[in-house]
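Here is how the chains run, residue by residue.
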Amino acid sequence: ETSLGTGSSFTWGVRYPANELAPYPYLSAIKIMDLDPGSCEVRIYQGGTTSPQTLVATHNFTLPGSNNWHDMVLPTPLQINHTLPLWIVLKSTDISHPAAGANYAGNPDGSWVYSGGSWSSVCDFDHNLTWMVRAKLSSTVAIDELSVRNLNIYPNPTSHALTVEGVTFATLELYDNVGKRIAV
């Protein structure tokens, strides 16, 4: 593994094609190889083939410099549109060598860098690297992990039908008051 950056502003990212996202509608964390301590801004975009298109979330994290994988957990899981590519873009202004990379894996989606006002492969700069950045995706999310306004569940109690309004679920599992699954 190696790393790039200069201790000044450095922006790098990975792109996940839409066809890899289909079974996973939620992004809960970004995993990054953490080599040096400092702050990092994570920008999450949807859409775009050769550059990120629509910004959907921004989060700031502090990296401890653990020289190990570090989970940057989002405050709430982010529902993503699995018909569009997902971009995880990281920007650092105070980490000596923020972008950890491994030997180039042959997939151009894992080696994006922002330089001179445009996006290109880090390989174009004679660095044959794949960024050590991973998206933690899931197909389900617990209701206590959602930040939902106007959520209505009624009637309560019920012995037959239950209505859930205000959120769309890929899968909904119901449990009784002792933890037994009663419906899927």
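Residues numbered from 1 in each chain as written. Predicted model: local features only at pLDDT ≥ 70, side-chain atom pairs only at ≥ 80, totals over all residues. Heavy atoms only, no water.

*Asks:* Could you give me a rundown of the overall build of the protein, with the residues and numbers involved?
*Replies:* Scanning the protein for helices and strands turns up 1 helix and 16 strands. Taken over 184 residues, the protein has a buried fraction of 38%. Restricting to contacts in the protein with at least 6 residues of sequence separation, those with at least 24 account for 72%. Put simply, the protein shows about 10300 Å² of open surface, and 47% of that area lies on carbon and sulfur atoms. (Helix = DSSP H or I, 4+ residues; strand = E, 2+ residues; numbered from the N terminus. Buried < 20%, exposed > 50% of the residue type's maximum accessible area, 1.4 Å probe, protein only. Contact = heavy atoms within 4.5 Å. Areas by Shrake-Rupley, 256 points an atom, 1.4 Å probe, with all protein chains shown as cover.)

*Asks:* Give me the lowdown on the packing of aromatic side chains, citing residues and values where you can.
*Replies:* Given two aromatic rings, their pairing is described by the distance between the two centres and the angle made by the two planes. Per the stated rule, a full pass over the model turns up 5 aromatic pairs. When the centroid spacing of 5.3 Å and the interplanar angle of 55 degrees are considered together, the rings of Tyr 114 and Trp 119 count as tilted. These aromatic residues form a ring-pair network of at least three members: Trp 87, Trp 112, Tyr 114 and Trp 119. (Phe/Tyr/Trp six-rings, centres within 6.5 Å; stacked < 30°, edge-to-face > 60°.)

*Asks:* For the sheet that holds strand E5 (residues 54–63), give the residues involved together with the corresponding values.
*Replies:* Strand order in the open sheet formed by 6 strands is E5-E4-E7-E2-E9-E10, and the pairing between neighbours is antiparallel. Looking at the sheet topology across the chains shown, the edges are occupied by E5 and strand E10 (118–121). Across this sheet, the average inter-strand angle for adjacent strands is 25 degrees, counted without regard to direction. Relative to E10, strand E9 (residues 112–115) runs antiparallel, the two being bridged by 4 bridges. (Pairing = 2+ DSSP bridges. Axes fitted to C-alpha atoms, helices over the stretch in contact; angles between N-to-C directions.)

*Asks:* Report on the nonpolar core, specifying residues and quantitative values.
*Replies:* The biggest cluster of nonpolar side chains holds 29 residues, and the ones touching the most others in it are Ile 44, Ile 88 and Trp 131. When contributions to this core are tallied by element, the ones reaching two or more residues are strand E2 (10–16), strand E3 (26–34), strand E4 (38–46), E5, strand E6 (68–79), strand E7 (86–92), strand E11 (129–131) and strand E12 (133–138). Ranked by residues supplied to this core, first place goes to E2 with 4 residues. Setting aside its immediate chain neighbours within four residues, Ile 88 contacts Trp 12, Gly 13, Val 14, Tyr 16, Leu 27, Ile 30, Val 42, Arg 43, Ile 44, Val 133 and Ala 135. Counting 5 residues, the second-largest nonpolar core is a separate cluster that includes Tyr 45, Trp 87, Val 89 and Trp 112. (Core = buried A, V, L, I, M, F, W, Y, C linked by side-chain atoms within 4.5 Å.)

*Asks:* Describe the environment of Cys 40, listing the residues and the values that go with them.
*Replies:* The residue Cys 40 is located in strand E4 in this model. Sequence spacing of Cys 40 and Thr 62 is 22 residues, and the spatial spacing of their C-alpha atoms is 6.1 Å. Residues in contact with Cys 40, not counting those within four places in the same chain, are Trp 12, His 59, Asn 60, Phe 61, Leu 63, Leu 90 and Lys 91.

*Asks:* Tell me about unusual backbone geometry, and please be specific about residues and values.
*Replies:* Notably, Asn 67 is not glycine yet its phi reads approximately 55 degrees, a positive angle. Examined against the element boundaries, Asn 67 turns out to sit in the loop between E5 and E6. Overall, Asn 67 belongs to the exposed group, its relative accessible area being 53%.

*Asks:* Before we move on, can you summarise the sheet that holds E3 with the specific residues and values?
*Replies:* Judged by pairing direction, the sheet is antiparallel, and its 3 strands sit side by side in the order E6-E3-E12 without closing on themselves. Of all strands in the sheet, those with a lone pairing partner are E6 and E12, marking the two edges. Across the sheet, the mean angle from the axis of one strand to that of its neighbour is 20 degrees, orientation sign disregarded. Alignment of E3 against E6, held across 8 bridges, turns out to be antiparallel. Across the sheet, Leu 27 pairs through a bridge with Leu 78, a residue of E6.

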